[in-house]
Amino acid sequence: MSIGGTWKTRLLDCCDDPKAFAVALFCLPCQLAYHQAGMHNEEPDVLLFAKTCLCPLCCGVLIRGEIREKYGYTGTFLSDVLEIFFCPMCAVSQQSRELKLNGMPNAVMCMTEEEDLDTTDTEPLLP
């Protein structure tokens, strides 16, 4: 574990990435499966989806702790439990934002590296 730091995004900044929040809201176990697989540079499989569907809170706490340990964020097992238990959508949305910021967009469901690139034209349209 590296020297501790704070999470780059706050727990209640859910609206900063509406897509990540929507996925956490409507398919929390799926998002957790993507987080777990992405942390190990793998694709999620049926067994992983089954685990996260059967016990999303347990899996959420373990995955949150793994992210915290990997990036050296401050916190404890107890803080992981409280955040996942009392505000699971916000916690999982925060995890998604952190993984994207740390260069792991494929660890977030419905997000690819191409979507992170801004390919829009910045010229204003003339009326």
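Here the structure is shown first, and the text comes after it.
What counts as what
- Residues numbered from 1 in each chain as written.
- Predicted model: local features only at pLDDT ≥ 70, side-chain atom pairs only at ≥ 80, totals over all residues.
- Heavy atoms only, no water.
- Helix = DSSP H or I, 4+ residues; strand = E, 2+ residues; numbered from the N terminus.
- Buried < 20%, exposed > 50% of the residue type's maximum accessible area, 1.4 Å probe, protein only.
- Disulfide = S-S within 2.5 Å.
- Axes fitted to C-alpha atoms, helices over the stretch in contact; angles between N-to-C directions.
- Parallel < 35°, antiparallel > 145°, perpendicular 65-115°, else oblique.
- Left-handed = near helix turned anticlockwise from the far one by under 90°.
- Contact = heavy atoms within 4.5 Å.
- Nonpolar A, V, L, I, M, F, W, Y, C, P; charged D, E, K, R; others polar.

## A look at the overall build of the protein chain
Next up, step 1: Across its full length, the protein chain carries 7 helices and 0 strands.
Next up, step 2: In sequence order, the protein chain lays out its α and β elements as α-α-α-α-α-α-α.
Next up, step 3: Across the 127 residues in the protein chain, those meeting the buried criterion constitute 41%.

## With respect to the state of the cysteines
Each disulfide consists of one covalent bond between the sulfur atoms belonging to two cysteines.
Next up, step 1: Overall, the coordinates contain 1 disulfide when judged by the stated rule.
Next up, step 2: For Cys27, the disulfide goes to Cys30, at an S-S distance of 2.2 Å.
Next up, step 3: What makes Cys27 partly exposed here is its relative accessible area of 22%.
Next up, step 4: Taking relative accessible area as the criterion, Cys30 reaches 17% and is therefore assigned buried.

## Structural notes on unusual backbone geometry
Next up, step 1: Backbone geometry places Asn41, a non-glycine residue, at a positive phi of 55°.
Next up, step 2: Structurally, the position occupied by Asn41 is in the loop between helix H2 (28-39) and helix H3 (46-54).

## Here we look at the packing of helix H4 (residues 56-71) against helix H5 (residues 77-86)
Next up, step 1: Contact geometry of H4 with H5 gives a least axis separation of 9 Å together with a crossing angle of 130°. Here H4 is positioned oblique relative to H5, judged by the angle of their axes. Relative to H5, H4 is oriented so that their crossing is right-handed. Across the interface between the two elements, Leu57, Gly60, Val61, Arg64, Gly65 and Arg68 of H4 pack against Phe77, Asp80, Val81, Glu83, Ile84 and Phe85 of H5.
Next up, step 2: A breakdown of the residues in the contact of H4 with H5 according to their chemical character gives 6 nonpolar, 2 polar and 4 charged.

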